[in-house]
Number of protein chains: 2
Amino acid sequence: MENLSTRHVRVLQAVVENYIRTGEPVGSRTLARSPGFKLSPATLRNVMADLEEYGYLCQPHTSAGRIPTDLGFRFYVNHLSGPSEIPSAAQRKIRERLEMSDGRLEEILHDGVLTLAQLTPYVGVVSLPDFRRMVVRHIRFVKLAGHRILAIIVALGGTVQNVLFESDTELSQDQLNRYSNYLNSLLGELTLNGVKRKILEEMAGDKRGYDELFAQVLALSQNLFQQKEVLGGDVMLDGKLNLLEHPEFADVERMKEIFKAFEEKGTILKILDDALEGEQLRVVIGSESHARELRHCSLVTAAYGRPGEVLGQVGVIGPTRMDYSRIIPLVNYLANVMSQRLTS
Amino acid sequence: MENLSTRHVRVLQAVVENYIRTGEPVGSRTLARSPGFKLSPATLRNVMADLEEYGYLCQPHTSAGRIPTDLGFRFYVNHLSGPSEIPSAAQRKIRERLEMSDGRLEEILHDGVLTLAQLTPYVGVVSLPDFRRMVVRHIRFVKLAGHRILAIIVALGGTVQNVLFESDTELSQDQLNRYSNYLNSLLGELTLNGVKRKILEEMAGDKRGYDELFAQVLALSQNLFQQKEVLGGDVMLDGKLNLLEHPEFADVERMKEIFKAFEEKGTILKILDDALEGEQLRVVIGSESHARELRHCSLVTAAYGRPGEVLGQVGVIGPTRMDYSRIIPLVNYLANVMSQRLTS
DNA sequence: CGTTAGCACTCATCGCCTTGGAGTGCTAAC
DNA sequence: GTTAGCACTCCAAGGCGATGAGTGCTAACG
């Protein structure tokens, strides 16, 4: 950092917090009046001019106060926003909501985003997990008409996902039962991907030579694994309406852009997927997302799943003027509860 | 009708069609210029004044042209909008889309609203069916952990719905198999409700005296029937973004109201459920819905299911200034294709 | 008697200007 | 280094008049 003095830092912090609170550009006068500042407006103007030069602040127009740039928010998030306490009411609500939800994966995720949408004035978002990475307790196949098969995948926490798919040949329920027994015998603490790998290894190792059962289970899994419910690659949103309450989105054009991003989902999914391996919590501020439509939005997301086995990301989307110090711990907490619910 | 002359009717029709096309209030001058009118603006003004008095037209302000009232649109829809042809491209798209979708109920419905959202500049909407009214081919129970059971309900058209629920006591898979065999033996051309009734009748008739199996299947069904996936009572929307393109929704406040109605769903569900028994197609114009938030919107919906067995309603929500003559046959067609897909 | 031309009137919209106020940068004094 | 003062910029809001679309009314016309 361009060797910011403590004074610079304090001013930056004050500007950011003021702006987060009011949504108005903050001027030297207001700042001087805020408690804890013994400096005159003129001095503050100098300091703020410095901060503008460094790129942390900017002015909407010449004679307005300053607002933080994305960089300014970034500095604030990285260095200035101490983790605040999560109100116990919010904690309780999160826990209750997630304990109440039935075991279907979608229901749990939905409850997660719903809770976020209710606890914050922003949009709750969650990416659907790649089921192939989940530790699976057992799989069951149910024959429907013709080639259609319903797979019921029960993951570690009792989470259930069912997937409809087709097999290449018509299989009887008996056959399906044998397949699923076989698959289940392989499942220990393995993920679906792990199972697949194991099958392939055993085949390659030629331990048992060519095995009819092997081949057919493999063929079946191939089809199963291609279904989008297994692949993930979708996001769920809730509380879009919340955004309409924020003055910065009063502009119809801007609103349209963002809602378009919400509807398409691809953009958001991409941002969520950008999360680095092993990164628990992530804040993407404004243009950091490199998505034009979301350049006025920030995302606070956390990975859910379990250590080393990330299933997806959950968090909120809001204006860059977001109450980071409140939201960050909240999202983090929710992700933890969700993780427990899904994998314990 | 207040004995409208053919002239009155022709003028009303012209005003409505003009307004639907342009979205602007239409004045006497523009009307006089439109082909087929040999009358002077002055005469038209008199006619329009009559129509205003009767309540079919109104003026946004004193010196603007006329726009149709809800009543005006109603008259137009009832008497003046001849059923137009559905472009074969649209027909093809609808058929292809619905044939492509896999057999899950939700997927089919989703494809339905998606298609509407793509073929029209409005919002596609569908109410989830009450599964109790569907003719069911068979039911299968799968035991999960503890008391949890997954019911797989396969309806007539191969549609699959799965429902997670809990039983009062822990049941083995064997027991569940017996139950489902028993249930399936009862299912002929019966709806779920029908099955329930039959069970109750047989019990009441005391044909077999007290039967353990009976009782337990009944208890199980009770729990199953309470699940929301079975009950229906939800709506699915798509293409909300389309509405943003319409000038009448450029106003943020109005937009908010409508989106709120979309998010809550209760309002919309209520309107859809208001459909009269046996009514195939329905047009609700503006305030006819008695829902404040939707007073600027019209709904065109059609029942899907099969004759005498309505499963739900599917259609579009748009501004009262909607292209009724195009939309009505379109929605009707889609409902028919959906019905076939679901029940044949 | 229905139709039409003419006219005075209304009202939203637009551009233009003014005013007020908030905030800035700069300079000079402390 | 800090601060007071001042000239300056610029947005927002309000007033004003011109414009133009459209109306209702009346009187003349065929």
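First, a word on what this report is: a plain description of the structure on this page. (Residues numbered from 1 in each chain as written. Chains lettered and ligands numbered in written order. Predicted model: local features only at pLDDT ≥ 70, side-chain atom pairs only at ≥ 80, totals over all residues. Heavy atoms only, no water.)

What about the overall build of chain A?
Secondary structure assignment for chain A yields 14 helices and ten strands. For the C-alpha atoms alone, the extent of chain A along its principal axes is close to 85 × 40 × 35 Å. Roughly 15,300 Å² of accessible area belongs to chain A as shown, and the carbon and sulfur atoms make up 49% of that amount. The centroid of the 40 positive side-chain charges in chain A is displaced by 5 Å from the centroid of its 43 negative side-chain charges. (Helix = DSSP H or I, 4+ residues; strand = E, 2+ residues; numbered from the N terminus. Areas by Shrake-Rupley, 256 points an atom, 1.4 Å probe, with all protein chains shown as cover. Lys, Arg positive; Asp, Glu negative; His and termini not counted. Charge placed at Lys NZ, Arg CZ, Asp CG, Glu CD.)

Observations concerning the relation of the copies chain B and chain A
Superposing chain B onto chain A requires a rotation of 179 degrees together with a translation of 0.0 Å along the rotation axis, leaving an RMSD of 0.1 Å. Within this description, the copies of the chain are treated as partners about a two-fold rotation axis. Of the C-alpha atoms belonging to chain B, the one lying closest to the rotation axis is found on Val252(B), 3.4 Å away. Most of the interface of chain B is mirrored in chain A, where 100% of its interface residues again form contacts. (Least-squares fit on C-alpha atoms with pLDDT ≥ 70 in both. Contact = heavy atoms within 4.5 Å.)

Observations concerning the interface of chain B and chain A
The parts lose accessible area when they come together, and the size of an interface is often stated as this lost area. Across the contact, 33 residues belong to chain B and 33 residues belong to chain A. A per-residue breakdown of the area chain B buries against chain A is headed by Leu241(B), Lys256(B) and Glu263(B), which together make up 18% of the total. Viewed at the interface, chain A and chain B are joined by six salt bridges. Taken together, the links from chain B to chain A amount to five residue pairs in polar contact (both at pLDDT 80 or more). Within the residue set of the side of chain B that touches chain A, elements represented by two or more residues are β4 (136-143), β5 (148-155), β6 (160-166), α10 (228-231), α11 (240-243) and α12 (252-264) of chain B. Examining the composition of the side of chain B that touches chain A, we find that five residues originate from one element, α12(B), more than from any other. For the side of chain B that touches chain A, a count of residues per class yields 13 nonpolar, five polar and 15 charged. (Buried area = accessible area lost by both parts, 1.4 Å probe. Salt bridge = Lys/Arg side-chain N within 4 Å of Asp/Glu carboxyl O. Polar contact = N/O pair within 3.5 Å; in protein donor to acceptor, adjacent residues only side chain to side chain. Nonpolar A, V, L, I, M, F, W, Y, C, P; charged D, E, K, R; others polar.)

Digging into the protein's contact with DNA strand D
Taken together, 21 residues form the shell around DNA strand D, and within it Arg7(A), Thr43(A), Thr62(A), Ser63(A) and Ser28(B) come nearest. When the atoms of DNA strand D within 4 Å of the protein are sorted by group, sugar and phosphate make up 76%. Within the backbone of Ser40(A), a nitrogen or oxygen atom sits 3.3 Å from a phosphate oxygen of DNA strand D. One nitrogen or oxygen atom from the side chain of Arg45(A) is found 3.3 Å from a base oxygen belonging to DNA strand D. Looking at the surface near DNA strand D, the elements with two or more residues in it are α3 (41-54) of chain A together with α3 (41-54) of chain B. The element that contributes the greatest number of residues to the surface near DNA strand D is α3(A), accounting for four residues. Residue classes in the surface near DNA strand D are distributed as four nonpolar, twelve polar and five charged. (Near = heavy atom within 4 Å.)

These figures come from the coordinates and say nothing about function on their own.
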